[in-house]
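Commentary on secondary and tertiary structure
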Amino acid sequence: MIEGLDGAGKRTLANGLTEALAAQGRTVAGHAFPRYGQSVHADLVRDGLYGRLGDLSDSVYGMAVLYALDRRGAADQIRKDLEEHDVVLLDRYVASSAAYSAARLHQDEHGEFVRWVRELEIDRFGLPVPDLHLLLRVPVEVAAERAAKREQDDDSRARDIYESDGSLQARCGVVYDGLAKIGWLAPWQVVDGRSNVNFHSLLEPLFTP
Ligand SMILES: Nc1ncnc2c1ncn2[C@@H]1O[C@H](COP(=O)(O)OP(=O)(O)OP(=O)(O)O)[C@@H](O)[C@H]1O
Ligand SMILES: Cc1cn([C@H]2C[C@H](O)[C@@H](COP(=O)(O)O)O2)c(=O)[nH]c1=O
């Protein structure tokens, strides 16, 4: 799973790793969450992120349920991909909900919230538990610059209400660091995303027995 702030470079990392894995002769399946255009729940997420769902846009638990339902709709495909491919790379997964939604809550509520996310998505929805989280770590300002650049390059990618909120991104970065520190749900590896990531050397220790 590739996790990190908006604009951190997750998609770039996913593409680079896919190419590097293919060069090693490994088969790769990939998905990006939310699955905009592929699931009704993801499209509702987008409405929520642009403030078009009234009170639901402001409801942390309500939005988290929509993200979770989008993933639940992909669970069978992910399980199939795990059987048929050497590697399944996901650009955001359950930990995105834990980090982003917790960052919208008071710090005292974080523990209870991330337990609820795990209970909902893993225990009740039966989503596959990841083998590894790659946390692409960049300073908030760098992520914001990259998101702005991406917005210039692609005008269909206007910043949503989460991306426009610098303090939310900063809190989210702190929650991600906390999740990585405790190894929430699965092991975490922190990847320094400030400069170009060397995809081949990142893969080396992951596939050495
Ligand atoms: N290591 C890097 N150095 C400089 N620029 C980068 C790097 N990685 C990605 N970028 C650029 O930053 C922008 C955002 O990258 P990308 O779309 O991969 O981020 P993302 O984390 O997937 O974003 P989002 O979560 O908002 O979809 C793109 O213009 C990309 O070319
Ligand atoms: C999957 C997922 C995402 N989010 C947040 C993170 C982003 O701010 C937006 C949309 O993601 P994108 O990478 O910009 O397309 O939603 C979240 O809060 N919970 C999740 O499960």
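Read on for an overview of the structure. Note that the structure is predicted; figures quoted are calculated from it, not measured.

Procedures and definitions
Residues numbered from 1 in each chain as written. Chains lettered and ligands numbered in written order. Predicted model: local features only at pLDDT ≥ 70, side-chain atom pairs only at ≥ 80, totals over all residues. Heavy atoms only, no water. Near = heavy atom within 4 Å. Polar contact = N/O pair within 3.5 Å; in protein donor to acceptor, adjacent residues only side chain to side chain. Areas by Shrake-Rupley, 256 points an atom, 1.4 Å probe, with all protein chains shown as cover. 1 Å grid on protein atoms, 1.4 Å probe; cavity = no way out; pocket = protein on both sides within 12 Å on 5 of 7 lines; lining within 4 Å. Sits in = over half its atoms within 2 Å of the grid points. Helix = DSSP H or I, 4+ residues; strand = E, 2+ residues; numbered from the N terminus. Nonpolar A, V, L, I, M, F, W, Y, C, P; charged D, E, K, R; others polar. Contact = heavy atoms within 4.5 Å. Phe/Tyr/Trp six-rings, centres within 6.5 Å; stacked < 30°, edge-to-face > 60°. Buried < 20%, exposed > 50% of the residue type's maximum accessible area, 1.4 Å probe, protein only. Lys NZ or Arg CZ within 6 Å of the ring centre and 35° of its normal.

1. Some remarks on the site of ligand 2
Around ligand 2, 13 residues are found, and the nearest of them are Asp6, Tyr67, Arg71, Arg92 and Tyr100. With respect to ligand 2, the side chain of Arg92 contributes an N or O atom lying 2.9 Å from an oxygen atom. Backbone polar atom of Ser97 to an oxygen atom of ligand 2: 3.4 Å apart, as the coordinates give it. For ligand 2, whose unbound accessible area comes to 470 Å², protein coverage reaches 94%. Most atoms of ligand 2, that is more than half of them, are within 2 Å of grid points of the largest pocket. Where the shell around ligand 2 is concerned, the elements lending two or more residues are helix H4 (60-84) and helix H5 (94-103). Here the element with the most residues in the shell around ligand 2 is H5; it accounts for three residues. Among the residues forming the shell around ligand 2, the class breakdown is seven nonpolar, two polar and four charged.

2. Topic: the side chain of His31
Mapped onto the elements of the fold, His31 is located in strand E2 (residues 28-32). Sequence-distant contacts of His31, defined by excluding residues within four places in its chain, comprise Gln77, Ile78, Asp81, Leu89, Leu90 and Asp91.

3. As for the packing of aromatic side chains
Working definition: an aromatic ring pair is given by the centre-to-centre distance plus the angle between the planes. Evaluation of the coordinates by the stated rule reveals seven aromatic pairs. Seen in terms of ring centroids, Tyr61 and Phe113 are 5.1 Å apart; in terms of plane orientation they differ by 80 degrees. Their pairing is edge-to-face. Placement of Tyr61 in helix H4 and of Phe113 in helix H6 (residues 110-124) is noted, with a sequence separation of 52 residues between them. For Tyr61, a relative accessible area of 34% puts it in the partly exposed group. Taking the relative accessible area as the measure of exposure, Phe113 reaches 0% and is therefore buried. With a centroid separation of 5.5 Å and an interplanar angle of 40 degrees, the aromatic rings of Phe113 and Trp116 are classed as tilted. Taken as a pair, Phe113 and Trp116 lie in helix H6 at a separation of three residues, close to a single helical turn. Taken together through their ring pairs, the aromatic side chains of Tyr100, Tyr162, Tyr176 and Trp188 make up a single cluster. Over the ring of Phe207 we find Arg26, and its NZ or CZ is 4.2 Å from the ring centre.

4. Some remarks on unusual backbone geometry
Omega for the bond connecting Phe33 with Pro34 falls within 30 degrees of zero, at -5 degrees, which places this linkage in the cis form. Look at Arg92: it is not a glycine, yet its phi comes out positive at around 75 degrees. One can find Arg92 in the loop between strand E3 (87-91) and H5. Using a relative accessible area of 10% as the deciding quantity, one classes Arg92 as buried. Positioned with a positive phi, Leu185 is a non-glycine residue whose angle comes to about 70 degrees. With respect to the helices and strands, the residue Leu185 is situated in the loop between helix H8 (166-182) and strand E5 (188-192). Its relative accessible area of 11% is what places Leu185 among the buried residues.

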